[in-house]
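# Observations on chain architecture
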Amino acid sequence: MTDSQPWPPGGGHGAGGPGLGEPGPGGRADGQDGGDLAVLLGQVARGDEVAYGAVYGQLAGHVLGVARSVLRDPAQAEEVAQEVLLEVWRDAARFDAARGTAKGWVLTLAHRRSVDRVRSEQASADREQRAARADISYDVVAETVAARLDAERVRRCLGSLTELQQESITLAYYRGCTYREVAALLKVPVGTVKTRMRDGLIRLRDCLGVD
Amino acid sequence: MFRFRRTDPHTLAGAYALDALGDADRARFERHLSGCPSCAQEARGLQEATSRLADTLATAPPPGMRERVMAAAARTRQNPPAAETPHAGWPARVGSRGQAGWRGRGARRWGMLVAAGALGIALVLGGLAFRTEQQLNQMRDGSRAIAAVLNEPDAAMMTVTATTRGSATIVMSHRARALVFTAARLPALPSSQRYELWLMGLDGPRAAGMLPPARSGMTVPVIVSGLRSGDEFAVSAEPAGGTRHPTSPMILQVDLSS
């Protein structure tokens, strides 16, 4: 991990960073940063299937990773990931570059859908127990150096948070817990969890150089 | 246990970005966001940061998933920008194969932001084609006028399908007596022709400007002002220099009355 890599890549674009490159059919040599991803989404919005293939190549691994992290069950995760990717195709015209990066849009959707699925299926008590048992490890199968650097940077920034900030954020994001569940798991007041989530994310945002 | 009303809703921005709010809390916080631009901006920044957490999770999709997703996309109809279910209060008549509905007057501000966003993308895409400073200046002036229409409190948006191919997004304000028009995937015309915009009033059609050629299938937004009550808006393919009266069938026609 080197600290000298410019961030965000390409200057002020606030871009999502190089994703998992996929050399297969439909992958494009361009489209390596979020700016290009936004252009690709514009093309997808007009029915361009080649552009959609390129978006898939850059983000499918992330979308699936989010779904697996929250849902745990691989079959269910794949199902949700496919739904999310299809939603990207269907609603590409609704992506608004003025409101964030293309990568952020897709991955926010991926997390939201995964969380929706897990909450629609399980009583919260059951989930709390499960979350309590689950170890918080986030394994990566990073296939490219760029993806590994991205992951490394996120881990380093997470590591700069206080323990409570870090635990609150990881339980919510990687396990899909609500803040009330996080409070119960960590045995701290809900108000504290809310504040730690917010100031932790602010610190994360600043560390990652997100606009 | 439930303290939302007594606590400062601002503190929920982190939990919101992490999808850690229950449905009721989420709905309330989103209502709060719609009235608090700085909160919405903070929430977006935190969401952006949150989505980076996925960088640690990227994994190789199983074989076959790509084919399944691509095949599903190929048979899935795409939604137009910010299309909503037609609002009962504001019917619209459109060209033969068109289907459309105005977002009603009660449409939330949020709807307009989406509309502005869709047009913003058009601006960005169209912007790629612009090179000279003069053109950039013209575009900036145009953008200001367009933004003014989008920001009118009564601005309403609709998307409409052309009888030929492609679709158009129209944002109209009766108050400003103006509309903003952008189109996607209209059939390309020979260089001797352009699309001409029309306002069809009681006294017959009035030429309302020419549509610049599309880039990558998308036209830059154009503004049409001087709407009168009872006008319909229409588009036809005409000689590149423009005509005073339509000479070919309308490919798109919209009733603008409320």
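Residues numbered from 1 in each chain as written. Chains lettered and ligands numbered in written order. Predicted model: local features only at pLDDT ≥ 70, side-chain atom pairs only at ≥ 80, totals over all residues.

### Observations regarding the overall build of chain B
Helix and strand counts for chain B stand at six helices and eight strands. Evaluated residue by residue, chain B yields a buried proportion of 43% over its 258 residues. (Helix = DSSP H or I, 4+ residues; strand = E, 2+ residues; numbered from the N terminus. Buried ≥ 20, exposed ≤ 12 C-beta atoms within 10 Å, placed from the backbone.)

### Remarks on the nonpolar core
Side chains of nonpolar character tend, in soluble globular proteins, to be buried together. Counting residues in each nonpolar core, the largest one holds 78 residues, and the members touching the most others are Leu41, Val55, Val63, Ala67 and Ala172 of chain A. Examining the composition of this core, we find that 13 residues originate from one element, helix H2 (residues 49-71) of chain A, more than from any other. Leave out the neighbours within four places in its chain, and alanine 172 of chain A touches Cys177, Tyr179, Val182 and Met197 of chain A together with Leu18 and Ala20 of chain B. Formed by 41 residues, the second largest nonpolar core is a distinct cluster that contains Ala178, Leu179, Ala208 and Val235 of chain B. (Core = buried A, V, L, I, M, F, W, Y, C linked by C-beta atoms within 7 Å. Contact = placed C-beta atoms within 7 Å.)

### Some words on the interface of chain A and chain B
Chain A puts 70 residues into the contact, and the matching count from chain B is 55 residues. Going through the elements one at a time, H2, helix H3 (74-91), helix H4 (102-121), helix H6 (145-159), helix H7 (163-175), helix H8 (179-186) and helix H9 (190-208) of chain A are the ones with two or more residues in the side of chain A that touches chain B. In terms of residue class, the side of chain A that touches chain B is built from 33 nonpolar, 19 polar and 18 charged. (Nonpolar A, V, L, I, M, F, W, Y, C, P; charged D, E, K, R; others polar.)

### Things to note about the sheet that holds strand S5 (residues 204-211) of chain B
All names here are of chain B. Strand order in the open sheet made by the four strands is S5-S4-S7-S8, with antiparallel pairing throughout. The open sheet has two edge strands with one neighbour each: S5 and strand S8 (250-255). Ignoring strand direction, the axes of neighbouring strands in this sheet form an average angle of 25°. Of the pairings in the sheet, the one linking strand S7 (residues 232-239) to S8 comprises five bridges and is antiparallel in character. Along S8, the bridge assignment pairs serine 236 with methionine 250. (Pairing = 2+ DSSP bridges. Axes fitted to C-alpha atoms, helices over the stretch in contact; angles between N-to-C directions.)

### A closer look at the pairing of S5 of chain B
Where strand S4 (residues 193-201) of chain B meets S5 of chain B, six bridges bridge the pair, whose relative direction is antiparallel. The residue of S5 of chain B that forms the bridge with methionine 200 of chain B is proline 205 of chain B.

### What about the confidence of the model for chain B?
Residue and element names in this part refer to chain B. On average, residues of chain B carry a pLDDT of 75, and 72% of them reach 70 or more. The least confident element of chain B is helix H5 (residues 109-127), whose mean pLDDT is 45; the most confident is helix H1 (residues 13-17), at 96. When the criterion is pLDDT under 50, residues 83-115 qualifies, and its contacts beyond four places in sequence or with other chains add up to 68 contacts. Under a pLDDT of 50 for its full length, residues 121-132 has, in the predicted model, 24 contacts with residues more than four places off or in other chains. (pLDDT = per-residue confidence, 0-100.)

### Topic: H4 of chain A
With 20 residues, H4 of chain A extends 29 Å from end C-alpha to end C-alpha; this agrees with the ideal 28 Å at 1.5 Å per step. Summarising burial for H4 of chain A: 15 of the 20 residues are buried, a large majority. (Expected span 1.5 Å × (residues − 1).)

### Notes on the confidence of the model for chain A
Residues and elements named next belong to chain A. Across chain A, the average pLDDT comes to 78, with 71% of residues at or above 70. Across residues 1-34, where pLDDT falls below 50, the model places 74 contacts with residues more than four positions away in sequence or in other chains. Across residues 131-143 the pLDDT falls below 50, and counting only partners more than four positions away or on other chains, this stretch makes 25 contacts in the model.

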